[in-house]
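# Reading the structure
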Amino acid sequence: MKAMGPVSADFLRGGGDLSFGGKSAEELIAAHGAPLFVYNHAIIDRQAKRYRAAFAGVGLHYAVKANPFAPLMQHMAGLVDGLDLASSGELVRVEAAGLLRPDLPLSFAGPGKTSSDLAEAVQAGVCVHVESENELERLLAIAKLTKQQASIGVRVNPPFGLKGSGMKMGGLASQFGVDHEAVPGLVRRIVEAGAEWRGLHVYAGSQSLSAEAVIDMQRATVALAGEIATEVGLTPPEVNLGGGFGIPYFAGDKPLDIEAVGAALEDTLANRPLILAGTNFVIELGRWLVGECGVYLTRVVDRKVSRGKTFLVVDGGLHHMLAASGNFGQLLRRNYPVAVANRFGDEPEEEVTVVGCLCTPLDLLADEVALPRAEVGDVIAIFCAGAYGLTASPQAFLSQGAAREVLV
Ligand SMILES: *Cc1c(COP(=O)(O)O)cnc(C)c1O
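On a predicted model such as this, the values are computed, not experimentally measured, just so you know. (Residues numbered from 1 in each chain as written. Predicted model: local features only at pLDDT ≥ 70, side-chain atom pairs only at ≥ 80, totals over all residues. Heavy atoms only, no water.)

## Here we look at the overall build of the protein
To keep things clear, this is the line we draw: Helix and strand assignments follow DSSP, with helices taken as H or I runs no shorter than four residues and strands as E runs no shorter than two, numbered in order from the N terminus. Every radius of gyration here is taken over C-alpha atoms, with the globule rule written as 2.2 Å times N^0.38, N being the number of residues. Burial here depends on accessible area, computed with a 1.4 Å probe over protein chains only, as a share of the maximum for the residue type. Under 20% is buried, over 50% is exposed, and the range in between is partly exposed. For this analysis, residues touch if any pair of their heavy atoms sits within 4.5 Å. Two residue types count as positive, namely Lys and Arg, and two as negative, namely Asp and Glu; His and chain ends fall outside the count. All charge positions are set by atom: Lys at NZ, Arg at CZ, Asp at CG, Glu at CD.
When helices and strands are counted, the protein shows 11 helices and 21 strands. Rg of the C-alpha trace for the protein: 22 Å, near the compact-globule value of 22 Å for 408 residues, within the 12% margin. Considering the protein as a whole, with its 408 residues, one finds that 55% of them fall into the buried category. For the protein, contacts bridging at least 24 residues in sequence account for 73% of all contacts bridging at least 6. Across the protein, the 34 positively charged side chains and the 45 negatively charged ones have centroids separated by 2 Å.

## Looking at the site of the ligand
Note the threshold: Think of it this way: one heavy atom of a residue within 4 Å of a molecule or strand is enough to make that residue near it. Within 3.5 Å is the distance limit for a polar contact, defined as a pair of N or O atoms, with the added protein rule that one can donate a hydrogen and the other accept it, and that residues adjacent in sequence qualify only through two side-chain atoms. Residues are grouped as follows: nonpolar covers Ala, Val, Leu, Ile, Met, Phe, Trp, Tyr, Cys and Pro; charged covers Asp, Glu, Lys and Arg; every other residue, Gly included, is treated as polar.
Every residue close to the ligand is listed here: Ala63, Lys65, His201, Tyr203, Ser206, Glu284, Leu285, Gly286, Arg287 and Tyr388. At a separation of 2.7 Å, a nitrogen atom of the ligand approaches a polar side-chain atom of glutamate 284. A class-by-class count of the residues in the shell around the ligand yields four nonpolar, three polar and three charged.

## Notes on the nonpolar core
Note the threshold: We call a set of buried residues a nonpolar core when its members are Ala, Val, Leu, Ile, Met, Phe, Trp, Tyr or Cys and they connect through side-chain atoms within 4.5 Å of each other. Domain delimitation in this document rests on an assignment produced automatically or drawn from a domain database.
Counting residues in each nonpolar core, the largest one holds 129 residues, and the members touching the most others are Leu18, Phe55, Tyr62, Val154, Phe245, Val290 and Leu297. Top contributing element to this core by residue count: helix 9 (residues 211-232), with 11 residues. A domain split of this core shows at least three residues from each of domain 1 (9-38 + 292-407) and domain 2 (105-285). Excluding residues that lie within four positions of it along the chain, leucine 18 makes contacts with Phe11, Lys23, Ser24, Ala25, Val295, Leu297, Ala341, Phe344, Ala381 and Phe383.

## Description of the packing of helix 9 against helix 10 (residues 258-270)
The test is simple: All axes are obtained by fitting lines to C-alpha atoms, using only the stretch in contact for helices, and the reported angles, taken between N-to-C directions, cover 0 to 180 degrees. Put simply, angles under 35 degrees are roughly parallel, angles over 145 are roughly antiparallel, angles from 65 to 115 are roughly perpendicular, and the rest are oblique. Handedness of a crossing follows from how the near helix is turned relative to the far one, being left-handed for an anticlockwise turn of less than a right angle and right-handed for a clockwise one.
Relative to each other, helix 9 and helix 10 sit at 20°, their axes nearing to 9 Å. What the angle tells us is that helix 9 and helix 10 run roughly parallel. Pair helix 9 / helix 10 crosses with right-handed handedness. Within the contact between the two elements, helix 9 uses Ala211, Val214, Ile215, Gln218, Arg219 and Val222 and helix 10 uses Ala260, Val261, Ala264, Leu265, Thr268 and Leu269.

## Remarks on the pairing of strand 14 (residues 280-285)
Every regular strand shows the same layout, with side chains that alternate between the two sheet faces. Here is the rule we go by: Following DSSP output, two strands are said to pair if at least two bridges run between them. Crossovers are marked right-handed if the path from the first strand over the helix to the second runs clockwise, as seen with the strands pointing away from the viewer.
Taken across its six residues, strand 14 has five buried, putting it largely inside the fold. Looking at chain direction, strand 4 (residues 59-63) and strand 14 are connected through four bridges and run parallel. Residue pairing in the sheet places histidine 61 in a bridge with glutamate 284 of strand 14. Pairing analysis gives three bridges linking strand 13 (residues 238-240) to strand 14, with the strands arranged parallel. In the strand pairing of strand 14, valine 239 is matched with phenylalanine 281. Each parallel crossover has a hand, and the one from strand 13 via helix 10 to strand 14 is right-handed.

## Focus on helix 4 (residues 70-77)
Rule in force here: The reported arc concerns the directions from the helix axis to the C-beta atoms and nothing else.
Those residues of helix 4 not exposed but buried are Leu72, Met73, Met76 and Ala77. Along the axis of helix 4, the buried residues cluster in a sector spanning 140°; they form a single face. Each element contacted by the buried residues of helix 4 is listed here: strand 3 (36-39), helix 3 (41-54), strand 4, helix 5 (88-96), helix 11 (287-290) and strand 21 (404-407).

## Digging into the packing of aromatic side chains
Let me state the cut-off plainly: Two rings from Phe, Tyr or Trp (for Trp, the six-membered ring) form a pair when their centres are within 6.5 Å of each other. A pair whose planes differ by under 30 degrees is stacked, one over 60 is edge-to-face, and the rest are tilted.
Tallied over the entire structure, the rule returns 13 aromatic pairs. Taken together, a centroid distance of 5.3 Å and an interplanar angle of 55° make the contact between phenylalanine 11 and phenylalanine 383 tilted. Here phenylalanine 11, found in helix 1 (residues 9-12), pairs with phenylalanine 383, found in the loop between strand 20 (379-382) and strand 21; they are 372 residues apart in sequence, far enough to count as distant. With a relative accessible area of 4%, phenylalanine 11 lands in the buried category. For phenylalanine 383, a relative accessible area of 2% translates into the label buried. Feature note: the residues Phe11, Phe20, Phe344 and Phe383 constitute an aromatic cluster, connected by ring pairs.

## Looking at the pattern of salt bridges
Selection rule: Salt bridges are counted wherever a side-chain nitrogen of Lys or Arg sits within 4 Å of a carboxyl oxygen of Asp or Glu.
Counting across every chain of the model gives 22 salt bridges. Here glutamate 368 and lysine 2 are joined by a salt bridge, their closest N and O atoms 3.9 Å apart. Remark: lysine 2 occurs in the segment before helix 1 and glutamate 368 occurs in strand 19 (residues 364-371); sequence separation between them is 366 residues. By relative accessible area, which is 40% here, lysine 2 ends up partly exposed. With a closest N to O distance of 2.8 Å, glutamate 26 and arginine 299 form a salt bridge. Separated by 273 residues along the polypeptide, glutamate 26 in helix 2 (residues 25-32) and arginine 299 in strand 15 (residues 294-306) bring together distant segments of the chain.

## Considering the side chain of aspartate 253
In this fold, aspartate 253 is placed in the loop between strand 13 and helix 10. As a buried residue without a salt bridge, aspartate 253 has its nearest oppositely charged side chain in arginine 334, at a separation of 4.6 Å. With residues near it in sequence (within four places) discarded, aspartate 253 still touches Pro6, Leu209, Ile247 and Pro248.

## With respect to the environment of valine 376
Within the element layout of this structure, valine 376 appears in the loop between strand 19 and strand 20. Judged by its relative accessible area of 51%, valine 376 is exposed. C-alpha of valine 376 to C-alpha of tyrosine 62: the two residues are 314 residues apart in sequence and 39 Å apart in space. Not counting residues up to four positions away in its chain, the partners in contact with valine 376 are Val300, Val301, Asp302 and Arg303.

## Brief notes about the packing of helix 8 (residues 183-192) against helix 9
In the contact formed by helix 8 and helix 9, the axes pass within 9 Å of each other and the chain directions differ by 50°. Taken as axis vectors, helix 8 and helix 9 run oblique relative to one another. Crossing of helix 8 against helix 9: the hand is right-handed. Touching Val183, Pro184, Val187 and Arg188 of helix 8 are Ile228, Glu231 and Val232, all from helix 9.

Okay, here's the thing in structure tokens:
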């Protein structure tokens, strides 16, 4: 038997059938098909509310790459102060969702922006966070050529990282951002060129469950922004403190204490360098806002025993939910939380291994977990599927069917 991650308390009420806003998994599949990603807006609302209570006065941006499903972004737009993009394809999706609005600021960070990416961003009024001197020069040239005012932030490669985070993205040589010591030079260049300098963006890592690590990172980020501002002699209008807030995926994971992080940030900001007195601070979050709202539902197609081991073979797989298979950057494969949707809350009766329908041994969704007995036709639910689920999966691999998505 192997452990699995914790099922969020949001789903544990009731028992019997797993349900979302009064609709059972089976009803949702009947209406929308399977395999199906269900995103529950009430959980997103709750997370946003918790953020607002903990971080009064600090703006909230949504990192679209976590989940760009149009109805989810449309819902999110009513809860946050801006959207952060990581590609011009995301800009297209945001525009298609009707979210190019003057009251919803967009910013764009990410390496490898092509000149057409930059031109589209300037055209749409998106603030571009430049990642290199070369990128800045191309952006300034485009703005000059098209006679448009570019809004530019500088993404900083800080001399520190987010300790113990899933993906460390600071303190090292990096394709992300401009090494911090070179940032003042770029800021001067932006100002001299007559472009709008929006400020600084520092992203030092993600998926941290340690309040202490996030607090230290935010403190170091505010101090670094103060040093850069002092060197150029200008107040940055905005400092994006990054994010990095994690959610529990695996056995033993404890939720991040965001109330402690918020209290410490309030203290950090109360004591910030004077040159940042007029600066607006924001935090950008992806998985913390949407990760727990999503459940991937997939139907059991076959049940078989091989050399004493019971397998449930489902109609979905890693082509929709790569992260649950352990192949999305994890060092060790561990089980996501899973359940039998139509026997939710029942006592475990057997040890099973849940595999997807792809013809590869990598397609392992839950390894040797304890579940109530499931038969062909029953529905398996995989939790923590709201962020980096479908959008982070190789849906074309093996030409199986597409997944459906619904926001309830
Ligand atoms: C991926 C990313 C995020 C979102 O990370 P989460 O772990 O989903 O919160 C935010 N900002 C930047 C720059 C990113 O690359």
